[in-house]
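Chain by chain, the residues run as shown.
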Protein chains: 2
Amino acid sequence: MNRILVIPFFLLWQGVSAQSIPPVKLVNYVKPFIGTSAVDTTSLSGSNFPGPTTPFAFVQLSPDTRDAPDDPASGYDYNDKTIVGFSHTHLSGTGVADLFDVLLMPTTGEVKLNPGNAKISRSGYRSAFSHGQETARPGYYQVMLQDYGINAELTSASHTGMHRYTFPASTQSHIVIDMDHSLDKKRGYWECRIIAGEIKVINNHTIEGYRIITGWARLRKVYFHAEFSKPFDSVVMANGKQKPYATTLLNGTALKAALNFSTTDHEQVTVKVALSSVSIENAKQNMMAEIPGWDFDKISSQNADEWEKELSKIIIEGTQEQKEIFYTGLYHAFTQPNNIADINGDYQATDMTIRNAPDKVQYSTFSLWDTYRAAHPLYTLIQPEKTAGFINTMIRQYETYGYLPIWQLWGDENYCMIGNHAIPVITDAILKGIPGIDVEKAYQAVKASSTTDHPGSPFTAWEKYGYIPEDIESQSVSITVEMAYDDWCVAQLAKKLGKTADYERFIKRSAFYKNLYNAKTGFFQARNKDGNWLTPFDPLSYGGNGGSPYTEANAWQYSWYVPQNIPDLIKLMGGDRSFTAKLDTFFTLANKPGDINGNASGFIGQYAHGNEPSHHIAYLYDYAGQPWKTQYYVSKVLNELYNNSSSGYAGNEDCGQMSAWYIFSSMGFYPVNPANGIYAIGSPILKSASMTLSNDKIFSMSVKNIGKQNIYIQSVKLNGKLYNKTYITQDDIMNGSNLEFTMGAKPNKSWGTKAEDQPPLWGYKN
Amino acid sequence: MNRILVIPFFLLWQGVSAQSIPPVKLVNYVKPFIGTSAVDTTSLSGSNFPGPTTPFAFVQLSPDTRDAPDDPASGYDYNDKTIVGFSHTHLSGTGVADLFDVLLMPTTGEVKLNPGNAKISRSGYRSAFSHGQETARPGYYQVMLQDYGINAELTSASHTGMHRYTFPASTQSHIVIDMDHSLDKKRGYWECRIIAGEIKVINNHTIEGYRIITGWARLRKVYFHAEFSKPFDSVVMANGKQKPYATTLLNGTALKAALNFSTTDHEQVTVKVALSSVSIENAKQNMMAEIPGWDFDKISSQNADEWEKELSKIIIEGTQEQKEIFYTGLYHAFTQPNNIADINGDYQATDMTIRNAPDKVQYSTFSLWDTYRAAHPLYTLIQPEKTAGFINTMIRQYETYGYLPIWQLWGDENYCMIGNHAIPVITDAILKGIPGIDVEKAYQAVKASSTTDHPGSPFTAWEKYGYIPEDIESQSVSITVEMAYDDWCVAQLAKKLGKTADYERFIKRSAFYKNLYNAKTGFFQARNKDGNWLTPFDPLSYGGNGGSPYTEANAWQYSWYVPQNIPDLIKLMGGDRSFTAKLDTFFTLANKPGDINGNASGFIGQYAHGNEPSHHIAYLYDYAGQPWKTQYYVSKVLNELYNNSSSGYAGNEDCGQMSAWYIFSSMGFYPVNPANGIYAIGSPILKSASMTLSNDKIFSMSVKNIGKQNIYIQSVKLNGKLYNKTYITQDDIMNGSNLEFTMGAKPNKSWGTKAEDQPPLWGYKN
């Protein structure tokens, strides 16, 4: 025996693994707790949820820490100490709550469907938990329910949630089904009411039911089919404050059921719950297609694999924290819009009819006032197929509703926020050549949505006055500047389709912002029908969602919104020097105490990264010869207003928009005008990134001399050639270019400062 | 020229017509204003509507005199002086309001969609009218709208209403469409709320739209397609208190539109409006199938022809008033249940899914607590095909809801009233051999509805206590006696199907009424769980719909309800003499002032013909050897509590039940137990009647020595043979027997008074 040949096995294995070591999976960087609490009491939670979902899925199964969720709208607050249960649908990052359908909760001991004392929270089955006994990652959530000694694990497929509960030994183990769990029904705001519901025992391991509910979405019908790996011994149910009693069926508006089991120590009960917005039969069909078996770990692993595939569309190098923020951001951006069509394509249309989508997709949750800015431009780059589905959903809404979505939930318009920002989304997608869209039909929808008077969009007054008079429609300044931008998009689409008269009409309207620019104050200000400026005027004074000319912002924040013609805005404000001086003031001026709208947070002076009106503003220095100030403020936001903690966002994550800002900006550029094919250059913080495009080309960026202090661009190379422009174009990206930054701790004021370096109005060749 | 041959033409014509004179059409006896007002302020209106409908139709197009109808539930009160407009759906005879969908109103002058003064009724377009300029007959309604000089005419097909408006010369003629018109939304009782709606201009002669509404029916989706014979010049719309403005589309929850025309004097504009509960496409398809053209008179005539066919199922001789009451009663009995399935069979099921009925019928509006008594027994005799449709609809409700309808509106359960009286309806239909019913499935539904605890039906307590304890469920006496009857029906069905164990279980339950008979007082009285009688007890004290053991009645009225075993009731009450003496008191005892429930009216002592609990009681003397008293009180009700005026009913007409009582009783018999095949003989008031049966045989009755004073039976012949029994059987009717009464002014106390003459428990041979 020759000792020299004796190589310890562990070394041999190490050697092999050193050569073919699998790279760390991208899903490992996703930290679903990011965005689940607020930075401080003046801010909003990211309003994200930690539970599992597949990309763009219907079922988003997550723990709720609130009985009647309102804020955070996700139902989960990282600061809370107890969990009510696990419901199957959630909104991610919104400011308004809804959904929370079909809540399950495992318990032991006495069944407490309704607490005897009405003063106690209605959830008698609530349990304490701690973050030390809680895990969340793509495709998997786990928590120890301390009151019951039950370990709960969750995973999901597109329409189906899967629960694995590990019980202690108990003759009184239960799984509660709560069909009454919803957004706060006492809150008159959305007039939430459950109209009808049913829970039905099909056999000793199958439960079905539904609820019909009006809330933020005016009419949702939620049907479920649930299967249990272990037969239950008995079932009790109650409607409202009824005493629970043994039955196999209950109809009502406040339904709860408890399924009763005897369990041995560590006995696992697995539950599958499939949903449909159309029928119980469809819910069952969805389950059969997605999770016919009982292998929880396999489903969890498949879920993670789906995410791995989506996340790998952008491969980055950076710090651990940057990767966690970036990939969690991508995860949040791909958490919605949600395909709520059944496997067979059935869905509820905007006119509340049941229809069938030929492409089997019907998307819910278009938070367009937020997402048209950067989330949709991100989708057009790396989710072109989804983008076509989004737009086809929007066009179907136009067909049954007369105009495109504003804020769409479950195919229904809730008129949250302002503008008609499906228009830039559609325009961007068509200009970028996304396949699968009927362009003529899309234009018809875009034009109708720009000419048919509807709530928040008084187009007759718009064309009559050349601005929105505040005495016709409140939030008039915000609507005016955003509507002018939407009109610019319509004009571009008209031009592309050779509709000259329409082009002339809408390009004229796209300049209406000028009519609210008060040269005396240097702000966009409101006028009434009579043309007079509204007084008194205080540029620091905040509006909310009505009753003021400004939407969730003040005049300072809304005086920078002319993405379609920034040179003209600069001219209005007196030229480059005056413009940049004003920006300097903007980024340094303190708020008046107590005057801030609750949606504004993440402040740098008047800049409020916690809400969308500010999102493009740091990039405006690029347009006026001071790109190093863009670099300064963009890097400041990236480094200071994002982190990998539960309060990692400066405000509501807003259905992907806050994340998309980070994703673009961390790579060094941002779509200031979301539809002109121009990306303004900021200050990259990633070491490198490569983005796989729909044409299979790879766009890449990289940074030399990276470092936390090195926030200033020294030089840029595009495809190896020195590049002095403060922007890149859509074509640069789609051609698979390489963008190379060299950074330094001091500004290079000669880079990108000439007039010809500044971003132009239009980035396409044609 | 031979003068003798010169016969004047008019004489010739007379001679011919004298021989072949067409009989007066039966529709001419129908007076739709009967039942449109109350007898007095202590009574309820019949709550019928005067507008056109085809038999059992979806669209029932009628004028509404109330803005937010509540009482009368039909929306039309004969005492009112103004009309709001013409809406397309109505309830006939109910105590609760709903429907009133898609209201149209022609006007002239300034468009007044919303009155400027909020204190004024919301219907700015209301007009005065007078009964002198108003006509109603089957298939036709007409009224002169005095404020506008517009003559409005209405007709309808099954899913389509047709309006013909004759305008004066005006440059400001309008047709208002009001999608906000509904039952009183301020009335918290039913929480009526419009969830969504749309009005859309398709072209200058087509309007479409919908509304989604929750009210007495929890969720109704009403889609319409409307076509106008004359193109409109312009359209204005408003949502809520909005100022009307020109638009072609509006979404909202309080929608109104005005279509504007210029009209010449006497210019007619015809409008067709088709409805669907599924989609606009289906509404349009319904219209194309039913009224593709524009011939108003033809549609009106077709509508009347449909009625003529239905009414001719019973041909009677009698006075003009009797014929008017009788045929209007038949008209009201056939006004519902309403087939709300579309032409293609689509309908909304109880679980709010959209399904397709293979037989293309899905019936709405089962007021079963009323109609199981005599209306459904009438349908089983002369509407067997419809009866199968009713029962198949009920079975579908069981399949999606878990139990049979109690009070069903638009496929939805509203739990109005008590009992599970789909059971006697199904039992009666199956025992009578109605084809087209899956008997095993029906039994499954019947048994589930008799064993699954549900609102108002605590069967677990029922079987535990042998009665409904008032401290478990209020209205406990009424529920107990009616539930015992339903159980008797289940038992009969079980027996027929050979389910012996079930028979034993339910026949036992059918005797539970005994457990609430208090021998000390001689009344059915409430007990609590502990078995104690509720005190204090006052047999004159009324209950309403909860909070008392009696439903819309008192102990006097509810102590006669054991139709399944009247001999036992007589025994409980101490035998024939004691029983009839008590009946004598019942029919003569005055009410305590101010104590009467609003649903009780039409009094003869404690007998209240205006509500259903009394309906069988006058016939009970037949069972105790004093049939002449049955004859006395039945003829008294027929002659005194029905007339052909607008207040022709003693209370709500109740979806055909008040009419069915008259139809049976006027022919001389009544189904005291609606499911045992026995009809107790009363006092016929018609000269003759012949009823065409489903087996094409004709059952006939006739009266010798008829006269208003001749209310007493002297003798009876059945098929020519003297007949001494106080009842006939289902077999007698179906064999096409002839029943001949000889009447007189004094009782013949030897007729029908022997024990063997009294109605038995069971009337079938098998």
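Because the structure is a prediction, the values reported are computed rather than measured. (Residues numbered from 1 in each chain as written. Chains lettered and ligands numbered in written order. Predicted model: local features only at pLDDT ≥ 70, side-chain atom pairs only at ≥ 80, totals over all residues. Heavy atoms only, no water.)

Concerning the layout of surface pockets
Then comes step 1: In this model, the largest pocket occupies a volume close to 1,300 Å³.
Then comes step 2: Pro 455 and Gly 456 of chain A together with Asn 239, Gln 242 and Asn 251 of chain B are the residues nearest the centre of the largest pocket, which is lined by 44 residues in total.
Then comes step 3: Within the residue set of the lining of the largest pocket, elements represented by two or more residues are helix H10 (459-465) of chain A together with strand S11 (193-203), strand S15 (245-246) and strand S16 (249-251) of chain B.
Then comes step 4: Partitioned by chemical class, the residues of the lining of the largest pocket number 20 nonpolar, 12 polar and 12 charged. (1 Å grid on protein atoms, 1.4 Å probe; cavity = no way out; pocket = protein on both sides within 12 Å on 5 of 7 lines; lining within 4 Å. Points joined across faces, edges and corners; volume = space filled by probe spheres on them. Helix = DSSP H or I, 4+ residues; strand = E, 2+ residues; numbered from the N terminus. Nonpolar A, V, L, I, M, F, W, Y, C, P; charged D, E, K, R; others polar.)

What about the packing of aromatic side chains?
Then comes step 1: Tallying each qualifying case throughout the model produces 112 aromatic pairs over all chains.
Then comes step 2: A centroid spacing of 6.5 Å and a plane angle of 40° characterise the contact between Tyr 401 of chain B and Tyr 415 of chain B, whose relative ring orientation is tilted. Taken as a pair, Tyr 401 of chain B in helix H7 (residues 384-401) and Tyr 415 of chain B in the loop between strand S26 (412-413) and helix H8 (422-431) lie far apart in primary sequence, 14 residues in all.
Then comes step 3: Note on Tyr 401 of chain B: relative accessible area 1%, which makes it buried.
Then comes step 4: Here Tyr 415 of chain B falls in the partly exposed class, since its relative accessible area comes to 25%.
Then comes step 5: By the ring-pair criterion, three or more aromatic residues cluster together here, those being Phe 523, Phe 537, Trp 556, Trp 560, Phe 579, Phe 586, Phe 587, Tyr 607, Tyr 621, Tyr 632 and Tyr 633 of chain A.
Then comes step 6: Over the aromatic face of Tyr 467 of chain B sits the side chain of Arg 527 of chain B, whose NZ or CZ is 5.3 Å from the ring centroid. (Phe/Tyr/Trp six-rings, centres within 6.5 Å; stacked < 30°, edge-to-face > 60°. Buried < 20%, exposed > 50% of the residue type's maximum accessible area, 1.4 Å probe, protein only. Lys NZ or Arg CZ within 6 Å of the ring centre and 35° of its normal.)

Focus: the relation of the copies chain A and chain B
Then comes step 1: Taken as rigid bodies, chain A and chain B are interconverted by a rotation of 180° and an axial shift of 0.0 Å, the fit giving an RMSD of 0.0 Å. Such a turn and shift between the copies fits a two-fold axis. Relative to the rotation axis, the C-alpha of Ile 354 of chain A is the closest in chain A, positioned 3.7 Å from it. (Least-squares fit on C-alpha atoms with pLDDT ≥ 70 in both.)

A look at the domain arrangement of chain A
All names here are of chain A.
Then comes step 1: By the assigned domains, chain A splits into domain 1 (32-311) and domain 2 (314-336 + 352-757).
Then comes step 2: Averaged C-alpha coordinates put domain 1 and domain 2 at centres separated by 35 Å.
Then comes step 3: On the side of domain 2, 44 residues touch domain 1, which itself brings 44 residues to the contact.
Then comes step 4: A buried area of about 3,600 Å², summed over both sides, lies between domain 1 and domain 2, and 63% of it is on carbon and sulfur atoms.
Then comes step 5: Looking at the side of domain 1 facing domain 2, the largest losses of area belong to Ile 34, Phe 56 and Leu 311, adding up to 24% of the total buried there.
Then comes step 6: Linking domain 1 to domain 2 there are 1 salt bridge.
Then comes step 7: For Arg 218, the salt bridge is made with Asp 412, and the minimal N-O distance between the two is 2.3 Å.
Then comes step 8: Listed by contribution, the elements that provide at least two residues to the side of domain 1 that touches domain 2 are strand S13 (220-228) and helix H3 (296-311).
Then comes step 9: Across the side of domain 1 that touches domain 2, the residue classes tally to 21 nonpolar, 17 polar and 6 charged. (Domains from an automatic or database assignment. Contact = heavy atoms within 4.5 Å. Buried area = accessible area lost by both parts, 1.4 Å probe. Salt bridge = Lys/Arg side-chain N within 4 Å of Asp/Glu carboxyl O.)

A word on helix H9 (residues 439-449) of chain A
Then comes step 1: Residues Ala 442, Tyr 443, Ala 445, Val 446, Ala 448 and Ser 449 of chain A constitute the buried set of H9 of chain A.
Then comes step 2: For H9 of chain A, the N-terminal capping position is held by Asp 438 of chain A, with its side-chain oxygen 3.3 Å away from the main-chain nitrogen of Glu 440 of chain A. (Polar contact = N/O pair within 3.5 Å; in protein donor to acceptor, adjacent residues only side chain to side chain.)

A word on the UniProt feature "domain: Glycosyl hydrolase family" (unreviewed entry) in chain A
Then comes step 1: Under the UniProt annotation, "domain: Glycosyl hydrolase family" (unreviewed entry) lies at residues 282-744 of chain A.
Then comes step 2: Measuring from the first to the last C-alpha atom of residues 282-744 of chain A gives 58 Å, for a span that is 39% helix and 14% strand. (UniProt positions renumbered as here; feature names shortened; annotations may be inferred.)

With respect to the sheet that holds strand S25 (residues 407-409) of chain B
All names here are of chain B.
Then comes step 1: One open sheet holds the 3 strands; their spatial order is S24-S25-S26, and the pairing between them is antiparallel. Taken across any chain shown, the strands that pair with only one partner, and hence form the sheet edges, are strand S24 (366-367) and S26.
Then comes step 2: By the bridge criterion, 2 bridges tie S24 to S25 in an arrangement that is antiparallel. Bridge pairing in S25 links Ser 367 to Trp 407. (Pairing = 2+ DSSP bridges.)

Some thoughts on the interface of chain A and chain B
Then comes step 1: Counting residues at the interface gives 35 residues for chain A, matched by 35 residues for chain B.
Then comes step 2: For chain A, the biggest contributors to the area lost against chain B are Arg 193, Ile 195 and Asn 251 of chain A; these three give 19% of the whole.
Then comes step 3: Put simply, chain A and chain B have 4 salt bridges between them.
Then comes step 4: Glu 281 of chain B is the salt-bridge partner of Arg 355 of chain A, the closest N and O atoms lying 2.9 Å from each other.
Then comes step 5: Taken together, chain A and chain B are joined by 14 residue pairs in polar contact (both at pLDDT 80 or more).
Then comes step 6: When residues of the side of chain A that touches chain B are traced back to their parent elements, those giving at least two are strand S11 (193-203), strand S12 (206-214), S13, strand S16 (249-251), strand S22 (354-356) and helix H7 (384-401) of chain A.
Then comes step 7: At 6 residues, S11 of chain A tops the list of elements feeding residues into the side of chain A that touches chain B.
Then comes step 8: Classifying every residue of the side of chain A that touches chain B by side-chain character gives 14 nonpolar, 10 polar and 11 charged.

Examining the state of the cysteines
Residues and elements named next belong to chain B.
Then comes step 1: Tallying each qualifying case throughout the model produces 0 disulfides over all chains.
Then comes step 2: Summary of cysteine pairing: Cys 192 is not part of a disulfide, and the nearest cysteine sulfur, belonging to Cys 416, is at 16 Å.
Then comes step 3: On the basis of relative accessible area, Cys 192 is assigned to the buried category, the value being 5%. (Disulfide = S-S within 2.5 Å.)

Topic: the sheet that holds strand S38 (residues 738-744) of chain B
All names here are of chain B.
Then comes step 1: The 6 strands lie next to each other as S19-S33-S34-S38-S35-S36, forming an open sheet whose pairing is mixed. The open sheet has two edge strands, strand S19 (314-317) and strand S36 (721-722), and neither has a second partner.
Then comes step 2: In this sheet, S38 lies alongside strand S35 (residues 712-718) in antiparallel orientation, the contact comprising 6 bridges. Paired with Val 716 across the two strands is Phe 741, which belongs to S38.

Topic: H7 of chain B
Since the α-helix advances by 3.6 residues per turn, residues separated by three or four positions end up pointing in the same direction.
All names here are of chain B.
Then comes step 1: Taking 1.5 Å of rise per residue, 18 residues should cover 26 Å, and H7 covers 25 Å from first to last C-alpha, within 8% of that figure.
Then comes step 2: Of all 18 residues in H7, 15 are buried, a share of seventy percent or more.
Then comes step 3: Trailing H7 by a residue or two, Gly 402 shows a phi angle of about 100°, which is positive. (Expected span 1.5 Å × (residues − 1).)

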